[in-house]
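Letter by letter, the chains look like this.
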Amino acid sequence: MDRQLVESAQRGDKAAFVDLVRTRTDRLFALAHRILRDVDRAEDALQDALVIAWRDLRGLRDPDRFDAWLHRLVVHECIDHAARERRRTANLRILPVEGPAGSDDMLTLADRDELERGFQRLSPDQRALLVLHYYEGYPLTAIADLLGIPPGTVRSRLHYARDAMRAALDADARVANVGGRPA
Amino acid sequence: MSPERDTERLLRQWLDEGPTRAADRLLDNVEGRIDRQRQRPAWRLSWKNVFMNRTIGSFAAGMAVVAVALIGFTVLAGQNKDGAGIGGPTEPSAHVAVTPSPTPTAADPSEAPPADRGLTVSFTGSLPDGWGQDGDTFSKSEITVEVLEDRSVMSAIPDCINGPASGVGKSASEFVEALATREGLEVTGPEAVQVGGLSGQVLEIHISDGWTDTCPWSNEGDTFVPLFGTFDEKNYWLYSGVVGEERTRLYVLDKPDGGNVVVAAWAPNAAEWAANEADITSIVEGIQIDLGS
């Protein structure tokens, strides 16, 4: 069914294209939001990616690869938007998040703040790697295929991004421990 | 947060939070935008590697600065020579075609950067049965003839850099020489040719027997050899390559400004090529290229 929709959309059927992406929009939006950490920017990036998908759909040789191709477009567009945002703003952008405080198994407000800070310090492509691996659950080879880079490069960049996050969390934890020590 | 807590688990938990539904207006906006967006023809158009592109983009930007500096130096040298000031008489431009803009301005067309210039393709012959024309592209099922401006030869296997080949200019002779000696290709030609009022060279290309290689970023799922590409308006590298059994004929034509026009004909295999070769030749012979006045 999807293959038929892809082929119809490739012949210029706009309704088929909209039907095709309608069932994928929520998942792609969630992906874009994880990379960009902002609803408006995620919507902008996803819109741009979907318009590009329409524009370039005839270049997709294998309709069965539509999902992988669309994912790639969305991720690249998010990286592009994030890179532009980094050039525009020097300051870190911390999103207020409500949440439970307390146990070791749950994210505290401080956890979220530290994760947000650490994440914002990463480059856009490192953020995309973390999201694809830890949110989407993609194995390294799939990420390599999606982003068009060798698996070894994915592995090393992911390793670096994870270490950067760990370092950010550890640094904040050291500050908290020192600051919280009883006199 | 205690340092020993599992970073990966926290990361997963944190990423799982957040919205998972897109607003309805998003798809409405997309529908509105695609109403105004024409689909690009089905040529080998694929997305560049963002990571590499940024490096290449920086290099290209650096080269552009050098080019601007050289042009500025040349202009200033010319002014000193003939005494004309800025805005004074200048040599007539070889062509000043500017891609039509939705917001026309009264700016001097000669100020437009080369990358923004366009060309007009017209067809003076009669299209063979089954063929259609959409702008600069002629097609019949999977057979395509397209007219492209200012393409650069692409980096070869095994480098597989998703960008232009280093040290290869855009002139027809440099272009075809680079492809004629490219590993993985079986090439016929090049031969001198004239198309639409421009001179250049033509060559026919398909992948060599026994070639099994591809580029790691290629999503074509088959044997592949990169041919040429260009950076689009958003600095994405768009490439064309030959895949599997495909046959292509490239007419690489020199523009007076040092750029090129590539008329590329594609067929999915040798049989389709043979069956449509006469049509392709006839179409190319009817193409007229207007670089502007």
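Residues numbered from 1 in each chain as written. Chains lettered and ligands numbered in written order. Predicted model: local features only at pLDDT ≥ 70, side-chain atom pairs only at ≥ 80, totals over all residues. Heavy atoms only, no water.

1. Points about the overall build of chain B
Just so we agree on the cut-off: Put simply, DSSP H or I for four residues or longer makes a helix, DSSP E for two residues or longer makes a strand, and each gets a number counted from the N terminus. The buried label goes to any residue with under 20% of its type's maximum accessible area, the exposed label to any with over 50%, and the partly exposed label to all in between, with areas taken from a 1.4 Å probe on protein chains only. The contact rule is simple, with two residues in contact once any of their heavy atoms fall within 4.5 Å.
Within chain B, the regular secondary structure consists of 5 helices and 12 strands. The buried share of chain B, reckoned over its 293 residues, is 45%. Restricting the contact set of chain B to residue pairs at least 6 apart, pairs at least 24 apart contribute 59%.

2. Thoughts on helix α4 (residues 172-180) of chain B
Residue and element names in this part refer to chain B. The condition is simple: To obtain the arc, one takes the directions from the helix axis to the C-beta atoms.
Among the residues making up α4, those that are buried are Ala172, Phe175, Val176, Ala178 and Leu179. For α4, the arc enclosing every buried residue in end-on projection is 160 degrees, short of the 170-degree limit, so these residues lie on one face. Looking at the buried side of α4, the elements it contacts are β5 (152-153), β6 (185-195), β7 (198-207), β8 (224-231), β10 (247-254) and β11 (260-267).

3. Overview of the pattern of salt bridges
Worth spelling out the cut-off: By convention in these notes, a salt bridge is any Lys or Arg side-chain nitrogen within 4 Å of a carboxyl oxygen on Asp or Glu.
In the structure shown here, the tally under the stated rule is 23 salt bridges over all chains. Salt-bridge contacts for Arg37 of chain A lead to Glu116 of chain A; the nearest nitrogen and oxygen are separated by 3.3 Å. Linking Arg37 of chain A in the loop between α3 (25-36) and α4 (39-56) with Glu116 of chain A in helix α6 (residues 109-121), this pair joins segments that are 79 residues apart in sequence. What makes Arg37 of chain A buried here is its relative accessible area of 6%. The partner of Asp150 of chain B in a salt bridge is Lys255 of chain B, with the nearest N and O atoms 3.1 Å apart. Here Asp150 of chain B is found in the loop between β4 (143-149) and β5, whereas its partner Lys255 of chain B is found in the loop between β10 and β11, with 105 residues between them in sequence. Per residue, the accessibility class of Asp150 of chain B equals that of Lys255 of chain B, and both read buried. Connected through shared salt-bridge partners, Arg3, Glu7, Asp62 and Asp64 of chain A make up one network.

4. Looking at the sheet that holds β4 of chain B
All names here are of chain B. Selection criterion: In this scheme, strands are said to pair when DSSP sees at least two bridges between them. Note on geometry: axes are lines fitted to C-alpha atoms, helical ones only across the stretch in contact, with angles between N-to-C directions running from 0 to 180 degrees.
The sheet built from 7 strands is open, its strands ordered β2-β3-β4-β11-β10-β7-β6 with antiparallel pairing. Strands with a single pairing partner mark the edges of an open sheet, and in this sheet they are β2 (132-134) and β6. Across the sheet, the axes of successive neighbouring strands diverge by a mean angle of 20 degrees, strand direction being ignored. In this sheet, β7 lies alongside β6 in antiparallel orientation, the contact comprising 9 bridges. Along β7, the bridge assignment pairs Val195 with Leu198. Strand contacts of helix α5 (residues 270-286): β3 (137-140), β4, β6, β7, β10 and β11, with the helix running at about 25 degrees to β10, the strand carrying the most contacts.

5. Observations regarding the pairing of β8 of chain B
All names here are of chain B. Burial analysis of β8 places 7 of its 8 residues in the buried class, the great majority of the element. Summarising the sheet, β5 and β8 pair through 2 bridges and their orientation is antiparallel. Bridge pairing links Ser152 to Gly229 in β8.

6. What about unusual backbone geometry?
In most cases, non-glycine residues show a negative phi, while peptide bonds are predominantly trans. All names here are of chain B. Geometrically, the link from Ile157 to Pro158 is a cis peptide bond, its omega value of 15 degrees lying close to zero. Tracing the backbone through its elements, the reader meets Pro158 in the loop between β5 and α4. Each neighbour pair has its own omega, and for Gly189 with Pro190 the value is 5 degrees, a cis peptide bond. For Pro190, the location among the structural elements is in strand β6. Phi is positive for Asp150, close to 55 degrees, though the residue is something other than glycine.

7. As for the packing of aromatic side chains
Both the distance between ring centres and the angle between the ring planes are used here to describe each pair of aromatic rings. Short version of the rule: To pair, rings of Phe, Tyr and Trp, with the six-membered ring standing in for Trp, must have centres within 6.5 Å; the planes then decide the type, stacked if under 30 degrees apart, edge-to-face if over 60, and tilted in the middle. Sitting over a ring, as applied to charges here, requires NZ of Lys or CZ of Arg to be within 6 Å of the ring centre and within 35 degrees of the ring normal.
The tally for this structure, following the rule as stated, stands at 6 aromatic pairs over all chains. Centroid distance Phe66 of chain A to Trp69 of chain A: 6.0 Å. Interplanar angle 40 degrees. Geometry classified as tilted. Taken together, the residues span about one helical turn, with Phe66 of chain A and Trp69 of chain A both in helix α5 (residues 66-88) at a distance of 3 residues. Across this residue pair, the class does not change: Phe66 of chain A and Trp69 of chain A are buried. An aromatic cluster is present here, built from Phe175, Phe228 and Trp266 of chain B joined pairwise through their rings. Above the plane of the ring of Phe119 of chain A lies Arg37 of chain A, whose end atom (NZ or CZ) is 5.9 Å from the centre.

8. With respect to the packing of α3 of chain A against helix α7 (residues 124-135) of chain A
Residues and elements named next belong to chain A. Condition: Roughly parallel means an angle under 35 degrees; roughly antiparallel, over 145; roughly perpendicular, 65 to 115; everything else is oblique. Crossings are sorted by hand: turned counterclockwise from the far helix by less than a right angle, the near helix makes the crossing left-handed, and turned clockwise it makes it right-handed. Gly falls in the polar group here, along with every residue not listed as nonpolar (Ala, Val, Leu, Ile, Met, Phe, Trp, Tyr, Cys, Pro) or charged (Asp, Glu, Lys, Arg).
Two elements in contact, α3 and α7, have axes separated by 9 Å at closest approach and are oriented at 130 degrees. Overall, the two elements α3 and α7 adopt an arrangement that is oblique. When you trace α3 past α7, the crossing you get is right-handed. Seen from α3, the contacting residues are Ala30, Leu31, Arg34 and Ile35; seen from α7, they are Arg127, Ala128, Val131, Leu132 and Tyr135. Of the residues belonging to the contact of α3 with α7, the class tally is 7 nonpolar, no polar and 2 charged.

9. A closer look at a negative patch on the surface
Rules: The patch calculation keeps residues exceeding 30% relative accessible area without a salt bridge and links them within 9 Å when they carry like charges or within 5 Å when they are nonpolar (Val, Leu, Ile, Met, Phe, Trp, Tyr). The protein chains shown are the only cover counted for residues, whose accessible areas, like all others here, come from Shrake-Rupley with a 1.4 Å probe. When charges are tallied, Lys and Arg are placed among the positive residues and Asp and Glu among the negative ones, while His and the ends of the chain are skipped. Here the site of a charge means atom NZ of a Lys, CZ of an Arg, CG of an Asp or CD of a Glu.
Taken together, the side chains of Asp13 and Asp19 of chain A together with Asp24, Asp28 and Glu31 of chain B make up a negatively charged region of the molecular surface. In this fold, Asp28 of chain B is placed in helix α2 (residues 24-35).

10. Let's talk about the environment of Gln37 of chain B
Position of Gln37 of chain B among the secondary structure elements: in the loop between α2 and α3 (50-82). We classify Gln37 of chain B as partly exposed; its relative accessible area is 26%. When neighbours within four sequence positions are excluded, Gln37 of chain B is seen to be in contact with Val51, Trp54 and Arg55 of chain A.

11. A look at the environment of Gly184 of chain B
Residues and elements named next belong to chain B. Note on placement: Gly184 falls in the loop between α4 and β6. For Gly184 and Ser208, which are 24 residues apart along the polypeptide, the C-alpha to C-alpha distance reads 5.4 Å. Beyond its immediate stretch of four places on either side in the chain, Gly184 contacts His206, Ile207, Ser208, Trp211 and Val225.

12. Thoughts on the confidence of the model for chain B
All names here are of chain B. Applicable threshold: One confidence number per residue, pLDDT, is output by the predictor and ranges from 0 to 100.
On average, residues of chain B score 74 in pLDDT, and 67% of them are at 70 or above. Here residues 46-117 scores under 50 on pLDDT; set against residues more than four positions off or in separate chains, the count is 80 contacts. With a pTM of 0.49, the predicted complex shows an ipTM of 0.81.

13. A closer look at the packing of helix α2 (residues 14-22) of chain A against α4 of chain A
All names here are of chain A. Two numbers describe how α2 lies on α4: the axes approach to 11 Å, and their chain directions differ by 135 degrees. With respect to each other, α2 and α4 are oriented oblique. Like other packed secondary-structure pairs, α2 and α4 cross with a definite hand, here right-handed. Contacts between α2 and α4 involve Lys14, Phe17 and Val21 from the former and Leu50, Ala53 and Trp54 from the latter. Residues of the contact of α2 with α4, tallied by class, amount to 5 nonpolar, no polar and 1 charged.

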